[in-house]
Amino acid sequence: MTQSAVKSSPACAETSLSNYFAKDHPDEKKWDDCVHCGMCLESCPTYEITGQEQHSPRGRVHLIKSVAEGKIALNESFSDPVFACLDCRACTTACPADVDVGGLIEEARGQIRQAMPLKGWKGNVSKLFLQGLFPHENRLNTVGSLLRFYQKSGLQTTIRKTGMMKVMPKHLVEMEAIMPKVNKPVRKKYKKDQMLKAKGERKAEVAFMTGCIMDVMFSEINEATINVLRRNGNDVTIPEKQTCCGALHVHAGDRETGKKLAKQNIAAFETSEKIILNSAGCGCMMKEYKELFKDDQEWYDRAEAFSAKVEDISKYLYDTGYEIPKSELNTKITYHDACHLAHGQGVREQPRDILLHIPGVEMIHMPNADRCCGSAGIYNITNPEMAGEVLESKMANVPEDVEMISMGNPGCMLQMAMGVKKYGKNQKVVHTVQLLDWAYQKEDQEAKQ
């Protein structure tokens, strides 16, 4: 698409910033403080790999600003570096001026998808998953049931042995190889809006965000989260009307669907005092809902109030106090900082505190623990080569003598599990809350003996 074509289109007649559409355009206040000092360069995985300025944080900020000023067009040359960004937020952590590069990237992606909607098979696949699957609980549960059948019926073993997987793209074969065991979602296990009572003295009531993919692919982690919350004096509710958080949609530039999902979640949790999550990506998105409603004061205010109640499970336990287990797990672990937990939410020491207080757990520091693993939502599917290089660098930092790698995000867990298998390592990839739950379970078992 040429610059003149963009400017002459009917929608672009409403632009307020040259080549950008008026609706959801990038916020110029976010780039005003960028002085292109270069402090962000060493933090950026894509710049480290390519060495190209356009694939650096300051380079992308410059491109986004240049489109606003009419110096370059809203076209493929602009789209490529914007969508090549992992949106890991490490640059904002490194930036002395706290420039919100991640926010600019997501706003720019929304502009690109307004100007250049995905077409053909890419458009159909995107629509199938982002609009046709993730927002619909029943459809996700059907997929989960099919995956359970695939695993338990022997079909998975047969397909692997016959070599049928060879016809699939390499990165999809690698992902299938590390597919976790799919169990019944907690939202199907418990009654709608059921109050799960605290064990022991009640301290508070919290609402639990189960997530979409989280509840289908990692329901055992959701179960562990509920167990740990109840063990520590919390009544737990699972609001029926909750839905997908919209993170994948916003990352992909589909801000309209993101807004619809955000509104549904805001309404679903409106009466909740505290909203607990175990997925870093979902938590970061939900804390940033107000960014979707900058032109809608009513929903902006509701989103701001909603986001103030959102808390990662590790931070909530750290802030409110948690029972230190009495039983030992006796294992060596290392910890990986999920980008949207460490950089997106500033949660770093809280999960480490939990791990260090589990008896028998020996923590071994991972160099560059807060470096992206390459998952980045579905980046490892849309940009498999770059994601693979980022993962290779990450796995090189995993200490050799650890038995487990702990983290707080499902996408990271799948990506790191793929790295463990690909590079001949043998560590078990676990969620932080699982380790705490296992320690509690062992304590209860020993008390019965």
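Everything discussed here concerns the structure shown above.
Residues numbered from 1 in each chain as written. Predicted model: local features only at pLDDT ≥ 70, side-chain atom pairs only at ≥ 80, totals over all residues. Heavy atoms only, no water.

A. Molecular detail of the overall build of the protein chain. When helices and strands are counted, the protein chain shows 25 helices and nine strands. A globule of 449 residues ought to have a C-alpha radius of gyration of about 22 Å, and the protein chain, at 22 Å, matches this closely. Considering only C-alpha atoms, the protein chain reaches an extent of 75 × 50 × 45 Å along its principal axes. Counting all 449 residues of the protein chain, 55% fall into the buried class. With an accessible surface of roughly 20100 Å², the protein chain has 52% of that area assigned to carbon and sulfur atoms. Of note, the protein chain has its 58 positive side-chain charges centred 6 Å away from the centre of its 59 negative side-chain charges. (Helix = DSSP H or I, 4+ residues; strand = E, 2+ residues; numbered from the N terminus. Rg over C-alpha atoms; globule rule 2.2 N^0.38 Å. Buried < 20%, exposed > 50% of the residue type's maximum accessible area, 1.4 Å probe, protein only. Areas by Shrake-Rupley, 256 points an atom, 1.4 Å probe, with all protein chains shown as cover. Lys, Arg positive; Asp, Glu negative; His and termini not counted. Charge placed at Lys NZ, Arg CZ, Asp CG, Glu CD.)

B. Inspection of a nonpolar patch on the surface at higher detail. A cluster of nonpolar side chains, contributed by Trp-121, Val-125, Leu-128 and Phe-129, occupies part of the molecular surface with about 440 Å² of accessible area. With respect to the helices and strands, Val-125 occurs in helix 8 (residues 120-131). (Patch = residues over 30% accessible without salt bridge, like charges linked within 9 Å, V, L, I, M, F, W, Y side chains within 5 Å. Salt bridge = Lys/Arg side-chain N within 4 Å of Asp/Glu carboxyl O.)

C. Region of the structure containing helix 21 (residues 349-356). Residues of helix 21 that are buried: Gln-350, Pro-351, Arg-352, Ile-354 and Leu-355. Where helix 21 is buried, its residues contact helix 19 (313-320), strand 6 (331-335), strand 7 (361-363), strand 8 (404-407) and helix 25 (432-448). (Contact = heavy atoms within 4.5 Å.)

D. The arrangement of empty space enclosed by the protein in detail. This model, assessed by the stated rule, comprises four cavities of 30 Å³ or more. Taken as a whole, the largest cavity holds about 90 Å³ of empty space. Taken together, 13 residues line the largest cavity, and the ones lying closest to its centre are Cys-44, Arg-60, Cys-85, Cys-88 and Cys-91. A per-class count over the lining of the largest cavity returns eight nonpolar, two polar and three charged. What the second largest cavity holds in volume is close to 80 Å³. Surrounding the second largest cavity, 13 residues form its lining, Ile-313, Ser-314, Ile-354, Thr-432 and Val-433 being those nearest its centre. Elements with a contribution of two residues or more to the lining of the second largest cavity: helix 19, helix 21 and helix 25. (1 Å grid on protein atoms, 1.4 Å probe; cavity = no way out; pocket = protein on both sides within 12 Å on 5 of 7 lines; lining within 4 Å. Points joined across faces, edges and corners; volume = space filled by probe spheres on them. Nonpolar A, V, L, I, M, F, W, Y, C, P; charged D, E, K, R; others polar.)

E. Inspection of the pattern of salt bridges at higher detail. Considering all chains together, one arrives at 32 salt bridges under this definition. Here Arg-160 and Glu-176 are joined by a salt bridge, their closest N and O atoms 3.2 Å apart. With Arg-160 in helix 10 (residues 155-162) and Glu-176 in helix 11 (residues 170-177), the pair connects residues that are 16 residues apart, well separated along the chain. On the basis of relative accessible area, Glu-176 is assigned to the buried category, the value being 9%. Measuring nitrogen to oxygen at the nearest pair gives 3.3 Å for the salt bridge that ties Lys-274 to Glu-311. Taken together, the residues span a long stretch of sequence, with Lys-274 in the loop between helix 16 (255-268) and strand 4 (275-277) and Glu-311 in strand 5 (residues 310-312) at a distance of 37 residues. Taken together, the shared-partner salt bridges connect Lys-23, Asp-24, Arg-255, Glu-256 and Lys-259 into one network.

F. Representation of the pairing of strand 2 (residues 204-208). Taken together, the four bridges between strand 2 and strand 3 (residues 234-237) define a ladder with parallel strand orientation. Bridging from a neighbouring strand, Ala-207 pairs with Thr-237 of strand 3. Bridge analysis of strand 2 against strand 4 gives two bridges, and the strand direction is parallel. For Phe-208, the partnering residue across the bridge sits in strand 4 and is Ile-276. (Pairing = 2+ DSSP bridges.)

G. Inspection of the nonpolar core at higher detail. Formed by 67 residues in total, the largest nonpolar core has its most connected members in Met-416 and Leu-435. At six residues, helix 24 (residues 410-422) tops the list of elements feeding residues into this core. Contacts of Leu-435, omitting those with residues within four sequence positions, involve Leu-329, Ile-333, Leu-355, Ile-358, Met-404, Ser-406 and Val-430. Counting 26 residues, the second-largest nonpolar core is a separate cluster that includes Cys-40, Val-61, Phe-83 and Cys-85. (Core = buried A, V, L, I, M, F, W, Y, C linked by side-chain atoms within 4.5 Å.)

H. Broad picture of the packing of aromatic side chains. Applying the stated criterion to the full structure yields four aromatic pairs. Pairing Phe-269 with Phe-306 gives two aromatic rings, centres 6.2 Å apart and planes at 65°, and the pair type is edge-to-face. With Phe-269 in the loop between helix 16 and strand 4 and Phe-306 in helix 18 (residues 297-307), this pair connects stretches of sequence that are 37 residues apart. Three or more aromatic residues joined by ring pairs make a cluster, and in this case those are Phe-269, Tyr-289 and Phe-306. Directly above the aromatic system of Trp-299 lies the positively charged group of Arg-302, at a separation of 4.0 Å from the ring centroid. (Phe/Tyr/Trp six-rings, centres within 6.5 Å; stacked < 30°, edge-to-face > 60°. Lys NZ or Arg CZ within 6 Å of the ring centre and 35° of its normal.)

I. Fine view of the layout of surface pockets. Empty space within the second largest pocket amounts to approximately 360 Å³. Every residue lining the second largest pocket is counted, 17 residues in all, and those nearest its centre are Arg-113, Gln-131, Gly-253, Asp-254 and Arg-255. The set of elements that each furnish at least two residues to the lining of the second largest pocket consists of helix 7 (101-115), helix 8 and helix 16. Broken down by element, the lining of the second largest pocket gets its largest block of residues, five residues, from helix 8. For the lining of the second largest pocket, the per-class residue count stands at four nonpolar, six polar and seven charged.

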